[in-house]
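# Understanding the architecture of this molecule
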Amino acid sequence: MIYLHVPFCESRCTYCGFFSSVILGVAQRSKKNLCLKAYADAVCREVDERREEIANTLSTNTLYIGGGTPSVLPLSILSRIIHSIALPPAGGSPSAGAAFDAPWSEFTIEVNPEDIVEKGEEYVRGLLGLGVNRISMGVQSFDDGILRWMNRRHDSAAAEEAFRILRRCGVRNISIDLIFGLPPLSEALWSETVDRALELGPEHISAYQLSVEEGSTLDRLASQGKFTEATEEQCREQYDMLCARLGKAGYNHYEVSNFAVPGHEAIHNSAYWRRVPYVGLGPGAHSLSAGSVRSWNSEVIPRLSADGALETYSIEKEFLTPEDIRVERIMLSLRTARGISATELRTLAGGQAVDRLLAEGALVRCHPERCPEPVEGRSGGSLRIPEDHFFTSDDIIRSLI
Ligand code: SF4
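How each quantity is defined
Residues numbered from 1 in each chain as written. Predicted model: local features only at pLDDT ≥ 70, side-chain atom pairs only at ≥ 80, totals over all residues. Heavy atoms only, no water. Helix = DSSP H or I, 4+ residues; strand = E, 2+ residues; numbered from the N terminus. Areas by Shrake-Rupley, 256 points an atom, 1.4 Å probe, with all protein chains shown as cover. Lys, Arg positive; Asp, Glu negative; His and termini not counted. Charge placed at Lys NZ, Arg CZ, Asp CG, Glu CD. Buried < 20%, exposed > 50% of the residue type's maximum accessible area, 1.4 Å probe, protein only. Salt bridge = Lys/Arg side-chain N within 4 Å of Asp/Glu carboxyl O. Contact = heavy atoms within 4.5 Å. 1 Å grid on protein atoms, 1.4 Å probe; cavity = no way out; pocket = protein on both sides within 12 Å on 5 of 7 lines; lining within 4 Å. Points joined across faces, edges and corners; volume = space filled by probe spheres on them. Nonpolar A, V, L, I, M, F, W, Y, C, P; charged D, E, K, R; others polar. Domains from an automatic or database assignment. Polar contact = N/O pair within 3.5 Å; in protein donor to acceptor, adjacent residues only side chain to side chain. Near = heavy atom within 4 Å. Pairing = 2+ DSSP bridges. Axes fitted to C-alpha atoms, helices over the stretch in contact; angles between N-to-C directions.

Along the protein, the regular secondary structure elements total 14 helices and 19 strands. Of the roughly 17700 Å² of accessible surface on the protein, 51% is carried by carbon and sulfur atoms. Computed over 41 positive and 54 negative side-chain charges, the separation of the two mean positions in the protein equals 2 Å.

Right under this line is the structure:
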């Protein structure tokens, strides 16, 4: 299970707190190419150094390329990195863009609509040739005023056009991201956004409530008194509307922020929520090994120095304490519809707290035969937060840790 972080974007979205650098425009093409080459050199070097760790995580053989905006990368750079991670077929030295038997059961890449529209079908077919079988597109909204407020580079027409391009190229597993809970987002605008998402019919929808992330433009505006968050009531109404509409349309609400047509739940992200070990490659990426060692790459954009040496990120690690692991296990499992075994939750959080939440209806029993993802060894049944309490899941979880 591998995550690759691509720390480049063409512009900075108002709400974004992710580690990402705005890359140079076309006018400075040669500098941009040098920057991307240094990034690819650094990732390929890291892959070589961590080859054994990568092999050890392949029991869940997923690859997820996220960012940043991975679709700013040309196919040649992506091809080089992906072939280096997957190892080329015997006897073959891969050429850029060459198709090969990718070993991934799920290979997701995040894209932005404007890149898909600008680069077109050839780019998408190139991605499929590299083994991509799931595309996650950052749509965020279908309202042009909201998109401008977010400082997104695309408009709603581009998002729909990008979706059609993906379908024409044969992409059968598309996820789109949406954001709710923005002050200028009225109930009517949100309703229209949900309608337009459903008309497109993606296999997966992730919907996040806007939050003020440290270091974001919103953070700065908020500290200057120029931004006020939407009310909790507004956010709750929008979340409830989303859950009702997607449920009616047949989507499985399998995690607080994630909905899927049954059978299209994200394998990679579901494994994160079970604390399956993974390797994170690229600047700013995090890794988890053996369930108790967390490591992270420093947030440094690789560059070639004047004498041609590669200056790149470093890796740091920490050993998680039993308390860290307990908290993570409760937090991650209770955000899912799969929940957690009743026996385990009682051990981790104490029987009294669990009984209190059961009595309040903030936890419910989810027996193996009715569980969306039944698992062996849950003869005592599982517990989960019911969908009508998902909106307050943070408070429920906090009361258990
Ligand atoms: S939200 Fe995505 S596209 Fe926008 S700046 Fe952040 S990483 Fe880049």
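Now that the structure has been shown, the text picks up again.
Moving on, we come to the side chain of arginine 384. Its location among the elements puts arginine 384 in strand E19 (residues 382-384). Of the side chains with opposite charge, glutamate 387 comes closest to the buried, unpaired arginine 384, at an N-O distance of 6.5 Å. When neighbours within four sequence positions are excluded, arginine 384 is seen to be in contact with Leu334, Thr336, Ala337, Gly339, Ala362, Leu363, Val364, Cys366 and Phe390.

Further remarks concern empty space enclosed by the protein. Left-over empty space is what a probe sized like a water molecule reveals as it rolls over the atoms. This structure, assessed with the given rule, holds one cavity of 30 Å³ or more. Its volume calculated, the largest cavity comes out at about 70 Å³. Around the largest cavity, the lining comprises ten residues; the ones closest to its centre are Ser270, Trp273, Arg274, Thr336 and Arg338. Sorting the residues of the lining of the largest cavity by element identifies helix H10 (267-273) and helix H11 (322-334) as the ones contributing at least two each. Of the residues contributing to the lining of the largest cavity, the split by class is two nonpolar, four polar and four charged. The two domains that each donate at least three residues to the lining of the largest cavity are domain 1 (2-273) and domain 2 (321-401).

A few words now on the side chain of serine 206. The topology assignment puts serine 206 in strand E8 (residues 204-209). Residue classification places serine 206 among the buried residues on the basis of a relative accessible area of 5%. Polar side-chain contacts of serine 206 include one of 2.6 Å to the side chain of asparagine 258. Apart from residues no more than four positions distant in its own chain, serine 206 is found in contact with Ser175, Ile176, Asp177, Leu178, Ser257 and Asn258.

Within the structure, the ligand sits among Cys9, Ser11, Arg12, Cys13, Tyr15, Cys16, Phe18, Gly68, Thr69, Asn112 and Arg152. Of the residues belonging to the shell around the ligand, the class tally is five nonpolar, four polar and two charged.

The next thing to look at is the sheet that holds strand E17 (residues 340-341). As summarised here, the arrangement of the three strands in space is E17-E19-E18, forming an open sheet in which the pairing is antiparallel. Edge strands, defined here as strands with exactly one partner in the open sheet, are E17 and strand E18 (364-366). Bridging between E18 and E19 involves three bridges; their strand directions are antiparallel. Across the sheet, residue arginine 365 finds its bridge partner in E19, namely leucine 383.

Each domain of the protein was delimited in the assignment, giving domain 1 (2-273) and domain 2 (321-401). If you look at the interface, domain 1 gives 14 residues, while domain 2 gives 13 residues. Joining domain 1 to domain 2, the criterion identifies one salt bridge. Broken down by secondary-structure element, the contributors of at least two residues to the side of domain 1 that touches domain 2 are helix H9 (232-248), strand E9 (252-255) and H10. Among the elements that take part in the side of domain 1 that touches domain 2, H9 stands out by supplying five residues, more than any other.

Once that is clear, we can look at unusual backbone geometry. Note that the residue after glycine 67, namely glycine 68, is joined by a cis bond; omega there is 20°. With a phi angle near 70°, glutamine 140 is a residue other than glycine that sits in the positive phi range. On the basis of relative accessibility, which here comes to 8%, the residue glutamine 140 falls in the buried class. Positive phi values are uncommon outside glycine, yet arginine 275 reaches one of about 65°. Summarising the element assignment, arginine 275 is placed in the loop between H10 and strand E11 (279-281).

For the rest of this paragraph, the subject is the sheet that holds strand E4 (residues 62-67). If you walk across this open sheet you meet the nine strands as E9-E10-E8-E7-E6-E5-E4-E1-E11, and the pairing is mixed. Each end of this open sheet is capped by a strand with a single partner; those strands are E9 and E11. Pairwise comparison of adjacent strand axes, ignoring direction, gives a mean angle of 20° for this sheet. Looking at chain direction, strand E5 (residues 106-111) and strand E6 (residues 134-140) are connected through four bridges and run parallel. Paired with glutamate 110 across the bridge in E6 is serine 136.

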